[in-house]
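Below are the chains, spelled out letter by letter.
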Amino acid sequence: MGKLNNAAERRIFFDEVRKSLFSGRLKWREVNGLNKILDGWTKLSVAARKSAGGDDALAYVLATAFHETAATMQPVRETLALNDEEAIARLEKAFKAGRIPAVKTPYWRPDAEGRTWLGRGFVQLTHRRNYEAMSALTGIDLVSEPGRAMEMGVAVAILVCGMLEGSFTGRRLGDYFADGRRDWTGARKIVNGTDRAELVAGYAKAFRLALPRRIDAGGDAC
(Lines give C-alpha, C1' and ligand atoms only; values in the text may rest on other atoms or scores of the structure.)
Protein backbone atom coordinates (compact mmCIF):
# COMPACT_ATOMS: atom_id res chain seq x y z
CA MET A 1 0.00 0.00 0.00
CA GLY A 2 1.52 3.32 -1.02
CA LYS A 3 1.18 6.66 0.63
CA LEU A 4 -1.59 7.83 -1.70
CA ASN A 5 0.34 11.11 -1.81
CA ASN A 6 -0.45 11.41 -5.49
CA ALA A 7 -3.46 13.72 -5.80
CA ALA A 8 -5.02 11.54 -8.48
CA GLU A 9 -4.76 8.42 -6.31
CA ARG A 10 -6.36 10.13 -3.35
CA ARG A 11 -9.11 11.49 -5.56
CA ILE A 12 -9.89 8.01 -6.87
CA PHE A 13 -9.96 6.62 -3.32
CA PHE A 14 -12.33 9.31 -2.08
CA ASP A 15 -14.54 9.02 -5.14
CA GLU A 16 -14.93 5.31 -4.50
CA VAL A 17 -15.66 5.47 -0.78
CA ARG A 18 -18.00 8.40 -1.27
CA LYS A 19 -20.22 6.15 -3.38
CA SER A 20 -19.81 2.87 -1.51
CA LEU A 21 -19.75 3.98 2.13
CA PHE A 22 -20.78 7.62 2.54
CA SER A 23 -24.08 7.76 0.65
CA GLY A 24 -22.66 9.93 -2.12
CA ARG A 25 -21.35 12.75 0.05
CA LEU A 26 -18.15 13.29 2.03
CA LYS A 27 -17.87 16.04 4.61
CA TRP A 28 -14.58 17.77 5.41
CA ARG A 29 -14.29 16.00 8.77
CA GLU A 30 -14.65 12.60 7.10
CA VAL A 31 -12.02 13.40 4.48
CA ASN A 32 -9.69 14.72 7.17
CA GLY A 33 -10.12 11.63 9.34
CA LEU A 34 -9.54 9.27 6.45
CA ASN A 35 -6.43 11.17 5.40
CA LYS A 36 -5.01 11.08 8.93
CA ILE A 37 -5.52 7.31 9.21
CA LEU A 38 -3.96 6.72 5.78
CA ASP A 39 -1.01 8.89 6.78
CA GLY A 40 -0.68 7.05 10.08
CA TRP A 41 -0.61 3.71 8.30
CA THR A 42 2.10 4.79 5.87
CA LYS A 43 4.35 5.86 8.73
CA LEU A 44 4.80 2.14 9.38
CA SER A 45 7.76 0.45 7.81
CA VAL A 46 7.17 -1.60 4.67
CA ALA A 47 8.00 -4.73 6.67
CA ALA A 48 5.41 -3.88 9.34
CA ARG A 49 2.70 -3.23 6.75
CA LYS A 50 3.51 -6.48 5.00
CA SER A 51 3.49 -8.50 8.22
CA ALA A 52 0.08 -7.03 9.08
CA GLY A 53 -1.41 -7.99 5.73
CA GLY A 54 -0.84 -4.95 3.52
CA ASP A 55 -3.82 -3.34 1.83
CA ASP A 56 -6.25 -5.87 3.30
CA ALA A 57 -5.14 -4.95 6.81
CA LEU A 58 -5.37 -1.23 6.06
CA ALA A 59 -8.89 -1.70 4.74
CA TYR A 60 -9.84 -3.39 8.01
CA VAL A 61 -8.31 -0.56 10.06
CA LEU A 62 -10.38 1.96 8.10
CA ALA A 63 -13.51 -0.17 8.50
CA THR A 64 -12.98 -0.40 12.25
CA ALA A 65 -12.74 3.38 12.56
CA PHE A 66 -15.78 3.79 10.30
CA HIS A 67 -17.86 1.47 12.48
CA GLU A 68 -16.66 2.60 15.90
CA THR A 69 -17.15 6.31 15.15
CA ALA A 70 -20.58 5.98 13.51
CA ALA A 71 -19.01 6.87 10.15
CA THR A 72 -17.77 10.28 11.34
CA MET A 73 -14.09 9.28 10.97
CA GLN A 74 -13.35 11.45 13.99
CA PRO A 75 -12.30 10.41 17.51
CA VAL A 76 -15.47 10.08 19.58
CA ARG A 77 -16.49 9.45 23.17
CA GLU A 78 -18.50 6.42 24.15
CA THR A 79 -22.23 7.00 23.45
CA LEU A 80 -21.13 9.78 21.03
CA ALA A 81 -21.45 12.29 23.87
CA LEU A 82 -20.06 15.79 23.43
CA ASN A 83 -18.23 15.72 26.78
CA ASP A 84 -17.22 13.32 29.54
CA GLU A 85 -20.05 14.35 31.87
CA GLU A 86 -22.68 13.58 29.26
CA ALA A 87 -21.07 10.24 28.45
CA ILE A 88 -20.94 9.27 32.13
CA ALA A 89 -24.61 10.16 32.59
CA ARG A 90 -25.65 8.11 29.55
CA LEU A 91 -23.59 5.11 30.64
CA GLU A 92 -24.97 5.28 34.19
CA LYS A 93 -28.51 5.34 32.87
CA ALA A 94 -27.89 2.36 30.60
CA PHE A 95 -26.13 0.43 33.38
CA LYS A 96 -28.92 0.98 35.89
CA ALA A 97 -31.48 -0.05 33.29
CA GLY A 98 -29.62 -3.31 32.67
CA ARG A 99 -28.81 -2.48 29.05
CA ILE A 100 -25.11 -3.31 29.34
CA PRO A 101 -25.12 -6.62 31.24
CA ALA A 102 -21.55 -7.48 30.25
CA VAL A 103 -20.29 -4.65 32.46
CA LYS A 104 -19.73 -5.70 36.07
CA THR A 105 -17.66 -2.72 37.24
CA PRO A 106 -18.65 0.72 35.88
CA TYR A 107 -15.28 1.77 34.45
CA TRP A 108 -16.58 5.21 33.51
CA ARG A 109 -17.07 6.38 37.11
CA PRO A 110 -14.39 8.95 38.03
CA ASP A 111 -11.52 7.61 40.14
CA ALA A 112 -10.02 9.29 43.20
CA GLU A 113 -8.21 11.79 40.95
CA GLY A 114 -11.36 12.53 38.97
CA ARG A 115 -10.22 10.67 35.84
CA THR A 116 -12.71 8.60 33.89
CA TRP A 117 -11.73 5.61 31.79
CA LEU A 118 -14.71 5.67 29.44
CA GLY A 119 -14.36 4.83 25.77
CA ARG A 120 -12.57 7.36 23.57
CA GLY A 121 -10.96 7.59 20.15
CA PHE A 122 -11.34 5.49 17.02
CA VAL A 123 -11.60 2.19 18.91
CA GLN A 124 -13.32 3.19 22.14
CA LEU A 125 -10.39 2.65 24.47
CA THR A 126 -11.82 1.75 27.91
CA HIS A 127 -10.55 0.80 31.40
CA ARG A 128 -7.42 2.16 33.05
CA ARG A 129 -5.39 -0.95 32.19
CA ASN A 130 -5.93 -0.31 28.47
CA TYR A 131 -4.98 3.34 28.79
CA GLU A 132 -1.81 2.16 30.56
CA ALA A 133 -1.06 -0.34 27.80
CA MET A 134 -1.54 2.22 25.05
CA SER A 135 0.60 4.73 26.94
CA ALA A 136 3.44 2.22 26.86
CA LEU A 137 2.89 1.39 23.19
CA THR A 138 2.55 4.92 21.84
CA GLY A 139 4.81 6.79 24.25
CA ILE A 140 1.94 9.18 25.04
CA ASP A 141 0.92 9.59 28.70
CA LEU A 142 -2.75 8.62 28.61
CA VAL A 143 -2.85 7.77 32.30
CA SER A 144 -2.27 11.31 33.52
CA GLU A 145 -4.45 12.69 30.72
CA PRO A 146 -6.88 10.05 29.40
CA GLY A 147 -8.73 12.75 27.48
CA ARG A 148 -5.80 12.92 25.05
CA ALA A 149 -7.20 9.81 23.40
CA MET A 150 -9.61 12.24 21.72
CA GLU A 151 -6.77 14.04 19.93
CA MET A 152 -6.59 13.09 16.26
CA GLY A 153 -2.91 12.15 16.19
CA VAL A 154 -3.16 10.18 19.41
CA ALA A 155 -6.32 8.40 18.28
CA VAL A 156 -4.65 7.39 15.02
CA ALA A 157 -1.62 6.00 16.86
CA ILE A 158 -3.85 3.98 19.19
CA LEU A 159 -5.89 2.63 16.28
CA VAL A 160 -3.01 1.69 14.00
CA CYS A 161 -0.44 0.54 16.55
CA GLY A 162 -3.02 -1.18 18.74
CA MET A 163 -4.44 -3.25 15.89
CA LEU A 164 -0.96 -3.98 14.54
CA GLU A 165 0.41 -5.19 17.88
CA GLY A 166 -2.72 -6.91 19.22
CA SER A 167 -3.00 -4.55 22.19
CA PHE A 168 -6.78 -4.68 22.60
CA THR A 169 -7.59 -8.40 22.78
CA GLY A 170 -4.31 -10.16 22.02
CA ARG A 171 -5.37 -10.67 18.39
CA ARG A 172 -3.55 -8.68 15.72
CA LEU A 173 -3.99 -7.79 12.06
CA GLY A 174 -1.39 -10.30 10.94
CA ASP A 175 -3.44 -13.13 12.47
CA TYR A 176 -6.14 -12.54 9.87
CA PHE A 177 -4.50 -10.95 6.84
CA ALA A 178 -0.84 -11.96 6.60
CA ASP A 179 0.49 -14.67 4.28
CA GLY A 180 -2.47 -14.63 1.95
CA ARG A 181 -5.19 -14.89 4.62
CA ARG A 182 -8.33 -12.76 4.21
CA ASP A 183 -10.51 -13.46 7.22
CA TRP A 184 -12.69 -10.37 7.07
CA THR A 185 -15.20 -11.66 9.61
CA GLY A 186 -12.81 -13.19 12.13
CA ALA A 187 -10.74 -10.00 12.25
CA ARG A 188 -13.39 -8.38 14.42
CA LYS A 189 -11.77 -10.25 17.32
CA ILE A 190 -8.89 -7.76 17.13
CA VAL A 191 -11.14 -5.19 18.80
CA ASN A 192 -14.46 -6.59 19.97
CA GLY A 193 -15.05 -10.32 19.74
CA THR A 194 -17.75 -11.12 17.21
CA ASP A 195 -19.87 -8.01 17.73
CA ARG A 196 -21.21 -6.84 14.33
CA ALA A 197 -18.47 -8.88 12.68
CA GLU A 198 -20.26 -9.37 9.36
CA LEU A 199 -21.20 -5.70 9.18
CA VAL A 200 -17.61 -4.53 9.74
CA ALA A 201 -16.39 -7.13 7.23
CA GLY A 202 -18.63 -5.56 4.61
CA TYR A 203 -17.21 -2.12 5.31
CA ALA A 204 -13.67 -3.50 5.06
CA LYS A 205 -14.32 -5.05 1.66
CA ALA A 206 -15.67 -1.74 0.38
CA PHE A 207 -12.59 0.11 1.59
CA ARG A 208 -10.36 -2.55 0.04
CA LEU A 209 -11.90 -2.02 -3.38
CA ALA A 210 -11.12 1.69 -3.14
CA LEU A 211 -7.41 1.27 -2.37
CA PRO A 212 -4.88 1.44 -5.23
CA ARG A 213 -2.34 -1.33 -5.61
CA ARG A 214 1.04 0.26 -5.07
CA ILE A 215 4.07 -0.29 -2.84
CA ASP A 216 6.61 2.31 -1.73
CA ALA A 217 8.80 3.23 1.22
CA GLY A 218 7.40 3.50 4.72
CA GLY A 219 8.47 4.94 8.04
CA ASP A 220 9.14 3.35 11.38
CA ALA A 221 6.12 4.16 13.58
CA CYS A 222 5.04 1.78 16.38
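Further up the page is the structure itself.
This part is about the side chain of Thr 64. Assignment of secondary structure puts Thr 64 in helix H4 (residues 54-68). Thr 64 sits in the buried class, given a relative accessible area of 0%.

What follows deals with the packing of H4 against helix H7 (residues 152-165). Describing two packed helices takes the angle between their axes plus the distance from one axis to the other. Two elements in contact, H4 and H7, have axes whose closest approach is 11 Å; the angle formed by their N-to-C orientations is 125 degrees. On the basis of their axis angle, the class for H4 and H7 is oblique. Where H4 crosses over H7, the two elements pack in a sense that is right-handed. Residues Tyr 60, Val 61, Thr 64 and Ala 65 of H4 form the contact with H7, whose participating residues are Leu 159, Val 160 and Met 163. Among the residues forming the contact of H4 with H7, the class breakdown is 6 nonpolar, 1 polar and no charged.

This part is about the packing of aromatic side chains. As enumerated under the stated definition, the model contains 9 aromatic pairs in all. Between Phe 66 and Tyr 203, the aromatic rings sit 4.7 Å apart at their centres with planes inclined by 70 degrees, giving edge-to-face as the arrangement. Taken together, the positions of Phe 66 in helix H4 and Tyr 203 in helix H9 (residues 197-210) put the pair 137 residues apart, joining distant regions of the chain. Look at Phe 66 and you get buried, because its relative accessible area is 6%. Residues Phe 66 and Phe 207 carry aromatic rings whose centres are separated by 6.0 Å and whose planes lie at 80 degrees to one another, so their mutual orientation is edge-to-face. Of this pair, Phe 66 sits in helix H4 while Phe 207 sits in helix H9, placing them 141 residues apart in sequence. Note on Phe 207: relative accessible area 0%, which makes it buried. Ring pairs connect the aromatic residues Phe 22, Phe 66, Tyr 203 and Phe 207, which therefore count as one cluster.

Procedures and definitions
Within every chain, residues take consecutive numbers counted from 1 along the sequence as written. Selection of residues for local features in this predicted model requires a pLDDT of at least 70, selection of side-chain atom pairs for listing and counting requires 80 or more, and totals for whole chains, interfaces and linings are taken over all residues. Water and hydrogen atoms were dropped before computing side-chain values, which therefore reflect all heavy atoms in the structure. By the criteria applied, helices consist of DSSP H or I runs no shorter than four residues and strands consist of E runs no shorter than two, each listed in order from the N terminus. Any residue under 20% of the maximum accessible area for its type is buried, any over 50% is exposed, and the rest in between are partly exposed; the area is computed with a 1.4 Å probe on protein chains only. Only the contacting stretch of a helix is used when fitting its axis, a line to C-alpha atoms as for every element, and angles between N-to-C directions run 0 to 180 degrees. Angular relationships are summarised with four words: roughly parallel below 35 degrees, roughly antiparallel beyond 145, roughly perpendicular across 65 to 115, and oblique for the angles in between. Left-handed is the label given to a crossing in which the near helix is rotated counterclockwise from the far helix by less than a right angle, and right-handed is the label when the rotation is clockwise. Any pair of residues with heavy atoms lying within 4.5 Å of one another is described as a contacting pair. In the scheme used here, Gly and all other residues not listed as nonpolar or charged are polar, with Ala, Val, Leu, Ile, Met, Phe, Trp, Tyr, Cys and Pro taken as nonpolar and Asp, Glu, Lys and Arg as charged. Whether two aromatic rings pair depends on their centres lying within 6.5 Å, for rings of Phe, Tyr and Trp, where Trp uses its six-membered ring; planes under 30 degrees apart make the pair stacked, over 60 edge-to-face, and the rest tilted.

Remember, this is a structural readout, not a statement about activity or role.
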